[in-house]
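# Descriptive analysis of the structure
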Amino acid sequence: MLTNRLALILSLLIGITLIGFFFFGTEKEVDYSTEIKPIFNKHCISCHGGVKKNGGFSLLFEEEAFAPTESGHPAIVPGSSSSSELIKRLTHSDPELRMPYQRAPLSEEEIELLKEWIDQGAKWGKHWAYETVQKPKLPANHTAASLGGTENTSLAPIDFFVREKLPNLGLSPSSPENPMRLLRRVALDITGLPPSESLVQDFNSGKISYEQAVDQLLSSEAYGEKWATWWLDLARYADTKGYERDVSRTFWPYRDWVIRSFNADKPFDEFTIEQLAGDLLPNPTQDQLTATAFHRNTMNNDEGGTEDEEFRVAAVLDRVSTTFEVWQSTTMACVQCHSHPYDPIKHKEFFESMAFFNNTRDEDTHDEEPRLRFYEVEDQAKVNQIVAWAEENEGKTSAKQRADFLKFHEPKYAAHLATDFQKSELIDTKWLGLWPGGSAVYKNIETQGSDQLLLDYWSGVDGTKMTIRKDGPEGEILASFGINKTQGEVVKEIPFKPVQGKVNLYIEAQNPRAKPQQNTSSIVWFAFVPSLKGKEKPGFSTVKKSWEELLHFRGTRLPILIENPDFMARPTFVFERGNWMVPGEKVSPKAPKELGTWKSEWPSNRLGFAYWLTAPENPLTSRTLVNRVWDQLFGRGLVSTLEDLGTQSDPPSHPELLDYLAWKTVNDYHWSIKSLIREIVTSSTYQQSSVISSEAFQKDPKNQWYARGPRYRLSAEQIRDQALAASGLLSRKMYGKPVMPAQPEGIWQTVYNGESWKESEGEDKYRRSVYTFLKRTSPYPSFISFDAGSREVCLSKRLVTNTPLQALVTLNDPVYLDAAKALSQKIWEATGKNPESAIQKVYLQLVFLPISESKKATMLQLFRSAKLEFDKDQKAREAFFPGADSCLAALTVATNAMMNLDEFLTKP
């Protein structure tokens, strides 16, 4: 009996405990990242953040938030909201003391949430995007209503994450897209072109499935051209230097490398490492060196009178900001001048990051050295011969140095480093000019014990004697030589007395024939490369001749990144308030602490930084990549602010989906972008119809919740390429120098330049848009009209606008008129010159769907009206379409109009 009573009491106690747990149990822990940080960012951090710390109080970093303020006491006391000055100020009755000062007070709900957070211990937390991506937890059997019916079906993870949100939003998935509209959509997304005739036939006949069509598109070479355009926006790729003169430069080998990399599906981590630090890889290949041009895409200012160091620094600052925007979706530029106002990145950390990039050889020189040489087969054979000779007669180390010099002519000293000018000048602030009896000094020069000096110069006068002395005008003579008038720029080999360690070189010129202020020569650079050994052996003269010829190589040369050797290492300092002329504390390379851990085995240079960026532990790189690819396919990122995943970014619409794809891209797909794209475009979410009801539009005007397929205007390049492809004019020639299709006269009016737009001929006029010459100060007009950028800086996302200028372009630009003429002529003959059949065929060729009766009637009416006008005015007809009769010219007008329809210019 006693036992039963004890059991009953025990049961009652357990029951009461359980009831208390469910009704009065543990309080839900307030999450700092999602609940508290947004309040601080919205109301507080503008006065208590990275820039302003009013009252000595900052909410940007944890240690600052809990530190004593100017009052001597902390504003937040963990565990006690009643003792926390923060809460007192938020609820104060005096408007002079209540915070936020002279602004609307926080809501009661926000204040209660802050109190609850403090009472729970004020646990700090990371912003969601700074947490390492974790392996996703997916339900074992995720099901939902199918697109077309009510039965439950197994869903792919993308569809599960999207659809689980829809019911609470009053939305439901759209039905599947029309198969031909879907095929055109995915073809434009993957290749930037409409599907080929053979692909359409195979898909229409059921010979291949949608998934197989996707695989064909991903294997097409057009894929690399389309996705390269996206990357070149990020890389700020252009064919000119920018700034005032904006002269042409050779950068197309980098563009071609990007296209080939996408087509080869180069893993994104390798793609990243090679662009940021390909030169630092063991025995870098030509391709890996080419990749480093990513950060030579920065603008170069060769205007006379500019300070080279100023613009070198500007380029390095741009590289830091661009790197963090492209790979981390982090707004790093503001940290140049002060600690980040919203994200936990300190002012000093910007320059610690800059230290990774500050030790490269480029110096904003006119010739944009270092430049990678692209040798043709014959010249490459000479290179191989020289390297083999050097290895045999000088050793492997010397042979490697000689091979590198032939590749990119480094290390060398630029003429603009001269100081202590006497009767001399920097010509146009670029080249050293010595007048008769003139001199200049180069300080701290490492000759590497070389017995030879290479001098790059040109001269317009004979009989100059030049002398190089150690330290000064009375110093030991290290070299003495004569130079005469040259035919352009030359490289001269000069015997040099070997010296060890760094020395100051005093260089002087004498020429009694020259006028008092006449430059005896224009010196571009000098380098110390030992003379070729093995003079006594057979074959030396042949090797020596090849060496001298290659020193004067003037073929394709691409600006690249090369790291300074130790004796040229460049220190990095914090710039006070971001001003390069006010250096402060010296810093070493170090990545921002908040954005991922650094492994001790990584080198403290750009290569180590690239490893840090692509490490699985880096929280931002994979999320950034997934978000950018998703935006390319849906017109909107899972986080809409592509350039910013920081605390001021828009929150992710589907955080679990973002992390699922980020994890899978790294761990399952091994950074394969093609695999990521394939998973997205084969999802039911992507394959939905883009048709929308007014009710659904009211609930989700921006398609943030993906209850319908993506539909938005095509990019500038896609619109042009699509018109050319549909007409049959598109050239499939790939790679090589940029082309210049037709553009209006007088567009290029750049001062001090002298270059002009020379319209390409033959098929080059109709090559894909990725090959069009891009001048930064005057980009191709039709691209600008459709929101392409000038590529002066990194562009994460293009704006999409609709203006009357766009219609003027597609109705009048020669490219679109040529496309309309070619398509009309082909179809006019194929349909037996029947206007109605021709219009139907043209429309089908353009959008892959039958034309509606109403549209057909409108187009027929336009055809008849145009024919009537051309019958009346034969001169106008001949001017519009030489050699065509009135019917063909009228069909061209109708075709051009159909090429301006919304369904042609918009992704279906």
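Because the structure is predicted, anything quoted here is derived from the model rather than measured.

Our next topic: the overall build of the chain. Each helix and strand counted, the chain has 32 helices and 15 strands in total. A principal-axis box enclosing the C-alpha atoms of the chain has dimensions of 120 × 90 × 60 Å. Residues classed as buried in the chain amount to 55% of the 908 residues present. Counted over contacts in the chain with a minimum sequence separation of 6, partners at least 24 positions apart contribute 71%.

Glancing now at the packing of aromatic side chains. Going through the model one piece at a time under the given rule, you end up with 51 aromatic pairs. Here Phe 161 and Tyr 660 contribute two aromatic rings whose centre-to-centre distance is 5.9 Å and whose plane-to-plane angle is 45 degrees, an arrangement assigned as tilted. Here Tyr 660 lies in helix α21 (residues 655-667) and Phe 161 lies in helix α6 (residues 157-163), a separation of 499 residues in the sequence. In this structure, Phe 161 and Tyr 660 share a single accessibility class: buried. A centroid spacing of 6.5 Å and a plane angle of 90 degrees characterise the contact between Trp 757 and Phe 773, whose relative ring orientation is edge-to-face. A residue pair is termed long-range when its members are at least 10 positions apart, and Trp 757 in the loop between α24 (716-727) and α25 (781-785) and Phe 773 in the loop between α24 and α25 qualify at 16 residues.

Moving on: the side chain of Arg 623. Along the polypeptide, Arg 623 turns up in helix α20 (residues 621-634). With a relative accessible area of 2%, Arg 623 lands in the buried category. For Arg 623, the side chain forms a polar contact with the main-chain oxygen of Ala 129, separated by 3.1 Å. In this structure, Arg 623 is in contact with Trp 128, Ala 129, Glu 131, Thr 132, Val 133, Leu 645, Leu 658, Asp 659 and Ala 662, ignoring residues within four places of it in sequence.

What follows covers the environment of Glu 112. Note that Glu 112 resides in helix α5 (residues 108-119). Through-space distance from the C-alpha of Glu 112 to that of Ile 87 is 9.4 Å; in sequence the pair is 25 residues apart.

Counting buried residues along strand β8 (residues 464-470), 5 of its 7 residues qualify, which places the element largely inside the surrounding structure. In the sheet, β8 pairs with strand β9 (residues 477-483) via 6 bridges, with the strands oriented antiparallel. Note on β9: the bridge partner recorded for Met 466 is Phe 481. From the end of β8 to the start of β9, which pair antiparallel, there are 6 residues, and Asp 471 there has a positive phi angle of about 75 degrees. Examined bridge by bridge, β8 and strand β11 (residues 502-510) share 6 bridges and lie antiparallel to one another. Within β11, the residue paired with Lys 465 across the bridge is Gln 510.

Once that is clear, we can look at the packing of helix α7 (residues 179-191) against helix α8 (residues 197-204). Between α7 and α8, the least distance of the axes is 11 Å, while the angle of their chain directions is 140 degrees. Read as a crossing pair, α7 and α8 show a hand that is right-handed. Residues Pro 179, Met 180 and Leu 183 of α7 form the contact with α8, whose own contacting residues are Leu 199, Val 200, Phe 203 and Asn 204. Residues belonging to the contact of α7 with α8 are distributed by class as follows: 6 nonpolar, 1 polar and no charged.

Attention now goes to the nonpolar core. Core analysis: the largest hydrophobic core is formed by 166 residues, its most contacted members being Trp 231, Tyr 254, Phe 262, Val 629 and Ile 677. It is helix α10 (residues 221-234) that provides the largest number of residues to this core, a total of 8 residues. Once residues within four sequence positions are removed from consideration, Phe 262 is found in contact with Tyr 223, Gly 224, Trp 227, Ala 228, Trp 230, Trp 231, Phe 271, Ile 673 and Lys 674. If you look at the next biggest cluster of nonpolar residues, it comprises 28 residues, including Ala 418, Ile 468, Phe 496 and Val 499.

Here Glu 369 and Pro 370 are connected by a cis peptide whose omega angle stands at 0 degrees. With respect to the element layout, Pro 370 can be found in the loop between α15 (347-357) and β3 (371-373). Omega for the bond connecting Glu 410 with Pro 411 falls within 30 degrees of zero, at 5 degrees, which places this linkage in the cis form. Mapped onto the secondary structure, Pro 411 falls in the loop between α17 (396-408) and β4 (413-414). The phi angle at Arg 791 is positive, at roughly 60 degrees, despite the residue not being glycine. Looking at where Arg 791 falls in the secondary structure, it is placed in the loop between α25 and α26 (804-812). For Arg 791, a relative accessible area of 9% corresponds to the buried category.

Taken as a whole, this structure holds 0 disulfides when the rule is applied. A disulfide-free cysteine, Cys 47 has its sulfur positioned 8.9 Å from the sulfur of Cys 44, the nearest such atom. With relative accessibility at 29%, the residue Cys 47 sits in the partly exposed group. Cys 334 supplies the cysteine sulfur nearest to Cys 337, a cysteine that is in no disulfide, at a spacing of 8.7 Å. With a relative accessible area of 36%, Cys 337 lands in the partly exposed category.

Calculation rules
Residues numbered from 1 in each chain as written. Predicted model: local features only at pLDDT ≥ 70, side-chain atom pairs only at ≥ 80, totals over all residues. Heavy atoms only, no water. Helix = DSSP H or I, 4+ residues; strand = E, 2+ residues; numbered from the N terminus. Buried < 20%, exposed > 50% of the residue type's maximum accessible area, 1.4 Å probe, protein only. Contact = heavy atoms within 4.5 Å. Phe/Tyr/Trp six-rings, centres within 6.5 Å; stacked < 30°, edge-to-face > 60°. Polar contact = N/O pair within 3.5 Å; in protein donor to acceptor, adjacent residues only side chain to side chain. Pairing = 2+ DSSP bridges. Axes fitted to C-alpha atoms, helices over the stretch in contact; angles between N-to-C directions. Left-handed = near helix turned anticlockwise from the far one by under 90°. Nonpolar A, V, L, I, M, F, W, Y, C, P; charged D, E, K, R; others polar. Core = buried A, V, L, I, M, F, W, Y, C linked by side-chain atoms within 4.5 Å. Disulfide = S-S within 2.5 Å.

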